[in-house]
Amino acid sequence: MEGIGPGLASESELWVKEENTAAHLGSGDVSVLATPEMIRLMEKASVAAVDPLLPGGYKTVGIRVNVRHLAATPVSMKVRARAELIEVDGHRLIFHVEAHDEVEKIGEGEHHRMIVDAARFEERVSRKRGNK
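None of the values given here were measured: they were computed from a predicted structure. In every chain, residue numbers begin from 1 and rise along the written sequence. For a predicted model such as this one, the threshold for reporting local features is a pLDDT of at least 70, and the threshold for listing and counting side-chain atom pairs is 80 or more; totals across whole chains, interfaces and linings nevertheless cover every residue. Water and hydrogen atoms were dropped before computing side-chain values, which therefore reflect all heavy atoms in the structure.

**Student:** A description of the overall build of the protein should follow, citing residues and the corresponding values.
**Tutor:** Per the secondary structure count, the protein includes three helices and five strands. The helix count covers DSSP runs of H or I at least four residues long, the strand count covers runs of E at least two residues long, and both are numbered beginning at the N terminus. Ordered by position from N to C terminus, the α and β elements of the protein give β-α-α-β-β-β-β-α. Taken along its principal axes, the extent of the C-alpha atoms in the protein is 40 × 40 × 20 Å. In the protein, which comprises 132 residues, the proportion classed as buried is 33%. Restricting the contact set of the protein to residue pairs at least 6 apart, pairs at least 24 apart contribute 66%. When accessible area is computed with a 1.4 Å probe and restricted to protein chains, residues below 20% of their type maximum are described as buried, those above 50% as exposed, and intermediate ones as partly exposed. By the convention used here, residues are in contact when the closest approach between their heavy atoms is within 4.5 Å.

**Student:** Quick one: what's the story with the sheet that holds strand β1 (residues 9–15), residue by residue and with numbers?
**Tutor:** With antiparallel pairing, five strands are arranged side by side in an open sheet as β1-β3-β4-β5-β2. On the outer flanks of this sheet lie β1 and β2 (58–69), each paired with one strand and no other. Recorded for the sheet is a direction-independent mean angle of 25 degrees between the axes of neighbouring strands. Where β1 lies against strand β3 (residues 78–89), seven bridges are found, and the strand directions are antiparallel. Note on β3: the bridge partner recorded for leucine 14 is valine 79. Each of β1, β2, β3, β4 (92–100) and β5 (105–117) is contacted by helix α2 (residues 35–50), which is oriented at about 145 degrees to β1, the strand it contacts most. Here, axes are lines fitted to C-alpha atoms. For helices the fit covers the stretch in contact, and angles between N-to-C directions go from 0 to 180 degrees. Across the face of the sheet, helix α3 (residues 118–130) comes into contact with β2 and β5 while running at roughly 95 degrees to β5. Being paired, for any two strands, means DSSP has found at least two bridges between them.

**Student:** Could you give an account of unusual backbone geometry, with specific residues and numbers?
**Tutor:** Its identity as a non-glycine residue notwithstanding, serine 76 has a phi of 80 degrees, on the positive side. With respect to the helices, strands and loops of the structure, serine 76 is situated in the loop between β2 and β3. Residue classification places serine 76 among the exposed residues on the basis of a relative accessible area of 55%.

**Student:** Summarise the pattern of salt bridges; cite the residues concerned and give the values.
**Tutor:** Every case where a carboxyl oxygen of Asp or Glu lies within 4 Å of a side-chain nitrogen of Lys or Arg is listed as a salt bridge. Within the structure shown, the criterion is met by eleven salt bridges. For glutamate 43, the salt bridge identified is with arginine 113, shortest N-O distance 3.2 Å. In this pair, glutamate 43 is assigned in helix α2 and arginine 113 in strand β5, connecting sequence segments 70 residues apart. The residue glutamate 98 makes a salt bridge to lysine 105 at a minimum N-O spacing of 3.5 Å. A single network of salt bridges, built from pairs that share partners, joins Arg68, Glu98, Lys105 and Glu108.

**Student:** I'd like a description of the side chain of threonine 60, backed by residues and values.
**Tutor:** Topologically, threonine 60 is positioned in strand β2. Of the polar contacts made by the side chain of threonine 60, one reaches the side chain of aspartate 51; its length is 2.6 Å. For threonine 60, the side chain forms a polar contact with the side chain of arginine 113, separated by 2.8 Å. Contacts of threonine 60, omitting those with residues within four sequence positions, involve Val47, Val50, Asp51, Leu54, Leu93, Arg113, Met114 and Ile115. N or O atoms closer than or at 3.5 Å make up a polar contact, with two conditions inside protein: a donor-capable atom paired with an acceptor-capable one, and, for residues adjacent in sequence, both atoms drawn from side chains.

**Student:** Can you explain the side chain of histidine 111? Please cite residues and give values.
**Tutor:** In this fold, histidine 111 is placed in strand β5. On the basis of relative accessible area, histidine 111 is assigned to the buried category, the value being 2%. Separated by 3.4 Å, the side chains of histidine 111 and glutamate 43 make a polar contact. Polar contacts involving the side chain of histidine 111 include one to the side chain of arginine 113, which spans 3.1 Å.

Structure representation (structure tokens):
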């Protein structure tokens, strides 16, 4: 895929609201940014870095997440996630991801995505729906 290589990067931001908290999502019983929400923000940054460069009919799907949630972020604080493409292995993309709130780094790790043919992907999902 032309133009897709190490160094591509993007960011995604979120103002933490009650619906983004662990207590609201059921991933804990505290009113701070939930780990799944931090991961979602990291994935969103990864998608923004690469998907606009893909040829028509292709998109990426997440296949692996390995991150550490380092610090709590309270409601009403801004969080920014950054994803940088560090390796391309065929259709597999590996990103270094980090998240910071207004005070400190709150998360870091690695996220893998796969470039897929959208029509073939949807076809497989449809077949799966038919087999339930």
